[in-house]
Amino acid sequence: MAALTYDGCNFFRQRLVLSTLSGKRVKIRNIRSQDDEPGMRDFEASFIRLLDKVTNGTRIEINQTGTVLFYQPGLLYGGSVEHECNTQRSIGYYLEALIMLAPFMKNSLKAVLKGVTNDPKDPSVDLLKATAVPLMKKFGIDGEALEIKVVKRGIAPHGGGEVHFTCPVRRTLKPVLLTDPGKIKRIRGTAYSVRVSPQMANRIVDSARSILNKLIPDIYIYTDHMKGASSGKSPGFGLVLVAETVNGTLLSAELASTPQRQGDPVLPEELGKNCAKLLLEEIYRGGCVDSTNQSLALLYMTLGQQDVSKTLLGPLSPYTIEFLRHIRDFFQIMFKIETQQADEDKQKGGDKVLMTCVGAGYTNISKAIK
């Protein structure tokens, strides 16, 4: 069987994750071949090493300039893994992929990831803990062992954070029907600060509340100030907000301060207000899964049993649209996409998309039946 061939460095993770799950080989050519520094970046090489650690028998070939990658996936093995993530991207970049793969491993995964826990580019560990874990539970991936734990916080650029992710294995996933997001009932959040005055977190909370208090009474934002060894190597602060509806839908937004010596510093008051506005925008977009986790939900729907799954999403992000194309390439699964105009009586906010598919009936072949 010929390998699926792609060009360029975009959607690098999607391709490798889907290749690992489907067992199809992938060849990626022209990785930044026109750049002054051609080839893969350090964080991509680090990502490949992580995939190599959680699989058994994976074959990886990279040419001398790093512009061509051939990837032949092995068995998803799992077990205990420790990985030093490259600090160019945050741990969230690596964790998102692990969350997609973990339920289908032979042994339940216990991963220790070190590096940057919060940066402005990738979803932070706090965000994934607050939104991706509850989403996994809806697909029947649950139990005591499912947990994301921030042991040390590490802010960009130097990191120094540590995160523990444990996930049980499942033989099959449940189909889901998530079509009614419901009304927002409460907002929870975490304002964190490391290697700066603990007052910073309080200032963030006050400014975020100044906007959200007008809309809903039940708001609680924790302040998390880590000291000493558990506070990483760089100073910074940020805010993660999650709105929860009566039906258990979680919509989230987050902002992190500008990394040291990388552009204009940001005031905690501005950060708090802007993050609150981002949350309101996410609520306006709506749907039963927030924009960060769209691709995760669609992947789990694809790999579900041969039964219909439906999910109502807000407008699809460009990343998600590309993900749907890749799902078609690797699993030959097409989604039925119906747009739902926002009508004034039933639902407020932007136009929604109802995604329907029949699962591929994917079973975890390596998990022994007990």
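Attention here is on the structure that accompanies the text.

Points about the environment of Lys 149
Its place among the elements puts Lys 149 in strand S9 (residues 147-152). Residue class for Lys 149 comes out partly exposed when judged on its relative accessible area of 44%. Sequence spacing of Lys 149 and Lys 129 is 20 residues, and the spatial spacing of their C-alpha atoms is 7.8 Å. When neighbours within four sequence positions are excluded, Lys 149 is seen to be in contact with Glu 162, Val 163 and His 164.

Some details on the pattern of salt bridges
One pass over the full model with this rule turns up 16 salt bridges. A salt bridge links Arg 170 to Asp 142, with the nearest nitrogen and oxygen atoms 3.4 Å apart. Of this pair, Arg 170 sits in the loop between strand S10 (161-167) and strand S11 (177-178) while Asp 142 sits in the loop between helix H4 (125-138) and S9; the two residues are 28 residues apart in sequence, bridging distant segments of the chain. Exposure remark for Arg 170: the relative accessible area of 23% places this residue in the partly exposed category. Using a relative accessible area of 33% as the deciding quantity, one classes Asp 142 as partly exposed. Across the salt bridge formed by Arg 328 and Asp 329, the nearest N and O atoms sit 3.9 Å from each other. We classify Arg 328 as partly exposed; its relative accessible area is 41%. One continuous salt-bridge network, built from bridges that share partners, spans Asp 126, Arg 153 and Asp 224.

As for the packing of helix H1 (residues 12-22) against helix H3 (residues 91-101)
Relative to each other, H1 and H3 sit at 25°, their axes nearing to 10 Å. With respect to their mutual orientation, H1 and H3 come out roughly parallel. Of the two possible hands of crossing, H1 and H3 adopt the one that is right-handed. Between H1 and H3, the residues in contact are Phe 12, Arg 13, Val 17, Thr 20 and Leu 21 and Gly 92, Tyr 93, Glu 96, Ala 97, Met 100 and Leu 101, respectively.

Section: the packing of aromatic side chains
Evaluated as defined, the whole model comprises 10 aromatic pairs. Judged by centre distance (6.4 Å) and plane angle (45°), the rings of Phe 47 and Tyr 94 are tilted. One end of the pair, Phe 47, is in helix H2 (residues 42-54); the other, Tyr 94, is in helix H3, and 47 residues separate them in sequence. Here Phe 47 matches Tyr 94 in class, with each residue buried. With a centroid separation of 6.2 Å and an interplanar angle of 80°, the aromatic rings of Phe 331 and Tyr 362 are classed as edge-to-face. Of this pair, Phe 331 sits in helix H8 (residues 318-331) while Tyr 362 sits in the segment after strand S18 (352-358), and the two are 31 residues apart along the sequence. Both residues of the pair, Phe 331 and Tyr 362, count as buried.

Calculation criteria
Residues numbered from 1 in each chain as written. Predicted model: local features only at pLDDT ≥ 70, side-chain atom pairs only at ≥ 80, totals over all residues. Heavy atoms only, no water. Helix = DSSP H or I, 4+ residues; strand = E, 2+ residues; numbered from the N terminus. Buried < 20%, exposed > 50% of the residue type's maximum accessible area, 1.4 Å probe, protein only. Contact = heavy atoms within 4.5 Å. Salt bridge = Lys/Arg side-chain N within 4 Å of Asp/Glu carboxyl O. Axes fitted to C-alpha atoms, helices over the stretch in contact; angles between N-to-C directions. Parallel < 35°, antiparallel > 145°, perpendicular 65-115°, else oblique. Left-handed = near helix turned anticlockwise from the far one by under 90°. Phe/Tyr/Trp six-rings, centres within 6.5 Å; stacked < 30°, edge-to-face > 60°.

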